[in-house]
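# Analysis of the macromolecular model
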Amino acid sequence: MRVFFDSSLLLLMLFSTVSSSLFSSSCQLRGQFHLNGLHKTGDVILGGIFQIHFFAAYPDLSFTSEPQQPTCYGFNVVGFRLSQTMAFAIDEINRNSNLLPNVTLGYSLYDNCLQTGIGTGVSLVSGQEEHVTLEENCVGTPPVIGIVGDSSSTRTIAMSTVLGSYRVPLVSYFATCSCLSDRQKFPSFFRTIPSDAFQVRAMIQILKHYGWTWAGLLISNDDYGIHAARSFHSDLGPAGGGCLAYTEILPWGEEPAEYKRIVDVMTKSTARVVIVFAHESHVIKLMKEVVRRNVTGLQWIASEGWTSAVVLQTPDLMPYLAGTLGIAIRQGEIPGLADFLLHIRPDLHHNTTHGQNVVNQFWEHTFQCRFEPPPAGWVEAGGELCSGQEVLEDVETEFLDFAGLRPEYNAYKAVYALAYALDDMLQCEPGRGPFSNNTCAHLQRLQPWQLLFYMEKVNFTTAFGDRVSFDENGDALPIYDIMNWEWLPGEKSEVQIVGEVKRSAFKGEELSLDEDKIFWNFESKKPPRSVCSESCPPGTRMARKRGEPECCFDCVPCSEGKISNMTDSMECTSCPEDFWSSLQRDHCVPKQTEYLSYYEPLGICLTFTSLLGTFICIVVLGIFIHHHSTPIVRANNSELSFLLLISLKLCFLCSLLFIGRPRPWTCQLRHAAFGISFVLCVSCILVKTMVVLAVFRASKPGGESSLKWFGAVQQRGTVLVLTSIQAAICTVWLVSASPMPYKNTQYYNDKIVYECVVGSTVGFAVLLGYIGLLAILSCLLAFLARNLPDSFNEAKLITFSMLIFCAVWVAFIPAYINSPGKYADAVEVFAILASSFGLLVALFGPKCYIILVRPERNTKKAIMGRGTTQ
């Protein structure tokens, strides 16, 4: 498409406005554009710009003295049908008594083949009359108050830049460039076709739906393609989680080498999906190289620029393009349009501009004839003369193809948008208007900027059921049809609608597809896979490959304690403190809990041993009670022996507090019970030892006075005082820093060890130290009494028992420190049981042996050493 903007055009644009003298009511046009178009008078005129001819021929001005006008050639039937759709819409509105009553709309429709869009737009705003009589200072209703057009984004950008300065509403039916949504640059631009930004998002929705995260992009070298590429690069990753394998620009001209290079890129890439955001002329050139190289196995995605291109649906190309998914402008129905077009006759249209009659040109193109005299430079067919009575139904022409009214439907909605805005404006109540001093617009003094205000508030529903309104950027509510190219038997093709994509106010882009209708051009008859790297399953995370797009990655298993429960997770998440990762690393499972349980073999053994020791204590106590009157029981204060047996029984029972799940009360009670029970036990042994020494000294001359300090009351008092000191230590410890249950996760990663923390290490150390002090003291005293006569040999038993006791607890300390988890409790229980059994056996074993096995020795004489029973 030829774009020019030289200094002469700039000057012409600047002086194509209406000027007047301060003392004259006649305005004179400084210059004119020579345009080809159609006109109809009315109270309000709407402008229209359409591409009725494809090309323009510009004369060489260097070798001629007389100015020559440029000519247009290459009649565009679709562009002419678009212009007639606008004429039909205006005719329909004029016949509608509910819309713009008492107001007749007219139109000025121009062919844009000779201009970039700027000249056409300026001509519509300023008019073509050389002299215009208006009120003073050239005020009054301008020639047009709104324009429908253009089809090209490039021309629309140029035209909207100028018209925006005058606040003239411009409603495009085919300009899709996302750049036109910039309200700062284009304040008066609207469109009834979605922008390319939404078209890109619609394509991304398709890619996301089928999991195509790896695609190639081919674009045209113009605003249409370049802005689309920008949108793809910015939106594909965040919206669809995909990326582009390559982006190539399709050249406009015949450049076989460049197309060959592009096809090389396509064949070398692992992307099986190719997005082509270009015009059909680009695709034709591209497919020549694709066919030549026999490149198959690709899934094509077409932009609306070539989705419905019939020229590509040939037997030579369909083996490659079959299965294409494309974005197409929303198809609509316009009742009555077909009948209107069939009644077009060249003799019914006499309005011409500079002798150029668009309808006559259409007639000449359709019937390959010419009128007499032919307009210079416009006749494409020669030979037969046109009678004007030819019948359109007798020829096969694209003009009468009403199967898919897509751009026509947009042009139809654009006209109605202007009409509804004008209708809302004329219904304004005086004194309650939106303009200064609450004024309303008047038909006789109507200004385009007043219509622009109401255009922004347009909201209506077409007969086809589509709602039309504009957002803050001038874009209509976007909706696209999803097309699929089907290759039928007999080398026939069909492009069918298989879904739609639209924007919802609450859900964003919504894609709906009829999967059963989609034709896939693959042996599997299923959608292809197009990914750079296969999805990472749960239990792994994605690790990007250095130097490659983010869609290319490795799958790295999650480390222990971390999981990923979704496909394609970017990071592995840590499990909560009480949970651990499963073997598959795809979910968290509760950590195994560990403590010294009653139900495990070690716990059962220790429990049994504790109960056995308790039972033995009870049995020994029963024996002693039963034989309480015998000398061996009565010797050395039987009351202390009973108390010692009770304390040993408590020592055995307190070990049970170390078995089972730790709870606050067991943690607080276990060490207190252990400390008090053992102090009671050792205190009894200490007092027994002291009594032995006192009795020995009393047996010597002058030592009788020593026994008065070791009577029964003093013995009981000493045990009570020593035990009370331990009770006080335990009380202070429990009050200041009480032991509590603790979930220890330091020993094992996948286990929780339930244990009791001592709370205060000092308190625990004082408790053990006090027991050790009494035990050492007892051991020393017993050691001093080891050489006493046989009649006082209980000192030897005490010495032996205390050696066992001290040995056990000395060995306990390093074993306890180096035992993790439940084994620390097991070591402590073992120490309690071992020391308790050592005391029980060493102190009461010989006595029970005498009572039960050698009763003849259980006599006073035998104990006093004065005789022996034979």
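Residue positions are given per chain, counted from 1 along the sequence in the order it is written. Owing to the predicted nature of the model, reporting of local features is limited to residues with pLDDT of at least 70; listing and counting of side-chain atom pairs is limited to 80 or more, with chain, interface and lining totals taken over all residues. With hydrogens and water set aside, each side-chain value is computed from the structure's full complement of heavy atoms.

Another aspect to go through is the overall build of the protein. Within the protein one finds 22 helices and 30 strands. The cut-offs for exposure are 20% and 50% of the maximum accessible area for each residue type, with area from a 1.4 Å probe on protein chains only; residues under the lower value are buried, those over the upper are exposed, and the others partly exposed. Put simply, the protein has 870 residues, and 51% of those count as buried. Note on contacts: a residue pair qualifies if any of its non-hydrogen atoms lie within 4.5 Å across the two residues. At a minimum sequence separation of 6, the contacts of the protein that also span at least 24 residues come to 68%. In this description, accessible areas are obtained by the Shrake-Rupley approach with a 1.4 Å probe, and a residue is regarded as covered only by the protein chains that are shown. Accessible surface computed for the protein: about 40700 Å², of which carbon and sulfur atoms make up 57%. Where helices and strands are cited, they refer to DSSP runs of H or I of at least four residues and of E of at least two residues respectively, numbered from the N terminus.

Here we come to the sheet that holds strand β19 (residues 479–488). A pair of strands counts as paired when DSSP detects no fewer than two bridges linking them. The strand order across the open sheet built from eight strands is β13-β12-β14-β15-β16-β19-β20-β21, with neighbouring strands paired in mixed fashion. Strands with a single pairing partner mark the edges of an open sheet, and in this sheet they are β13 (243–250) and β21 (508–513). Along the sheet, successive strands turn relative to each other by an average axial angle of 25°, direction set aside. Direction of pairing for strand β15 (residues 299–302) relative to strand β16 (residues 325–329): parallel, over a ladder of two bridges. Each residue of the ladder has a partner; that of isoleucine 301, found in β16, is leucine 325. Angular values range over 0 to 180 degrees, each being the angle between N-to-C directions of two axes fitted as lines to C-alpha atoms, with helices fitted over their stretch in contact. Running at roughly 170° to β15, helix α8 (residues 280–293) makes contact with β12 (214–220), β13, β14 (273–277) and β15 of the sheet.

The next thing to look at is the sheet that holds strand β30 (residues 751–757). What the three strands build is an open sheet, ordered β28-β30-β29; its pairing is mixed. Where the open sheet ends on each side, the last strands, each with one partner, are β28 (592–594) and β29 (740–744). Along the sheet, successive strands turn relative to each other by an average axial angle of 30°, direction set aside.

What describes a pair of aromatic rings is the distance from one ring centre to the other and the angle between the planes of the rings. Pairing of aromatic side chains here covers Phe, Tyr and the six-membered ring of Trp, requires ring centres within 6.5 Å, and sorts the geometry by plane angle: under 30 degrees stacked, over 60 edge-to-face, intermediate tilted. Enumeration over the complete set of coordinates arrives at 37 aromatic pairs. Relative to phenylalanine 837, the ring of phenylalanine 652 lies with its centre 4.7 Å away and its plane at 70°, an arrangement referred to as edge-to-face. Of this pair, phenylalanine 652 sits in helix α16 (residues 638–654) while phenylalanine 837 sits in helix α21 (residues 822–852), and the two are 185 residues apart along the sequence. The class for phenylalanine 652 is buried, based on a relative accessible area of 0%. Pairwise contacts between aromatic rings join Phe75, Phe80, Phe362, Trp363, Phe367 and Phe399 into one cluster. A ring has a charge above it when a Lys NZ or an Arg CZ is no more than 6 Å from the ring centre and no more than 35 degrees off the ring normal. A cation sits over an aromatic face here: arginine 661 above tyrosine 754, 4.1 Å from the ring centre. Here the guanidinium or amino end of lysine 751 rests over the ring plane of tyrosine 748, the centre of that ring lying 5.1 Å away.

We now examine helix α14 (residues 601–626). Across its 26 residues, α14 extends 37 Å between first and last C-alpha, which sits within 8% of the 38 Å expected from 1.5 Å per residue. For α14, the set of buried residues is Gly603, Leu606, Thr607, Ser610, Gly613, Thr614, Cys617, Val620, Leu621, Ile623 and Phe624. Turning to α14, the residues buried within the fold contact α15 (631–634), α16 and α21. Expected span of a helix, by definition, is 1.5 Å for each gap between consecutive residues, and there is one gap fewer than residues.

Take the pattern of salt bridges next. Salt bridge, as applied in this entry: a Lys or Arg side-chain nitrogen positioned within 4 Å of an Asp or Glu carboxyl oxygen. Per the stated rule, a full pass over the model turns up 24 salt bridges. When the shortest N-O distance is used, the salt bridge between arginine 432 and glutamate 429 registers 3.2 Å. On the basis of relative accessibility, which here comes to 65%, the residue arginine 432 falls in the exposed class. With a shortest N-O distance of 2.5 Å, arginine 529 and glutamate 534 are connected by a salt bridge. For arginine 529, a relative accessible area of 47% gives the class partly exposed. Within this structure, Arg330, Arg406, Asp466, Asp481, Glu500 and Lys502 form a network of salt bridges that share partners.

Functional significance is not addressed by these values, which are geometric in nature.
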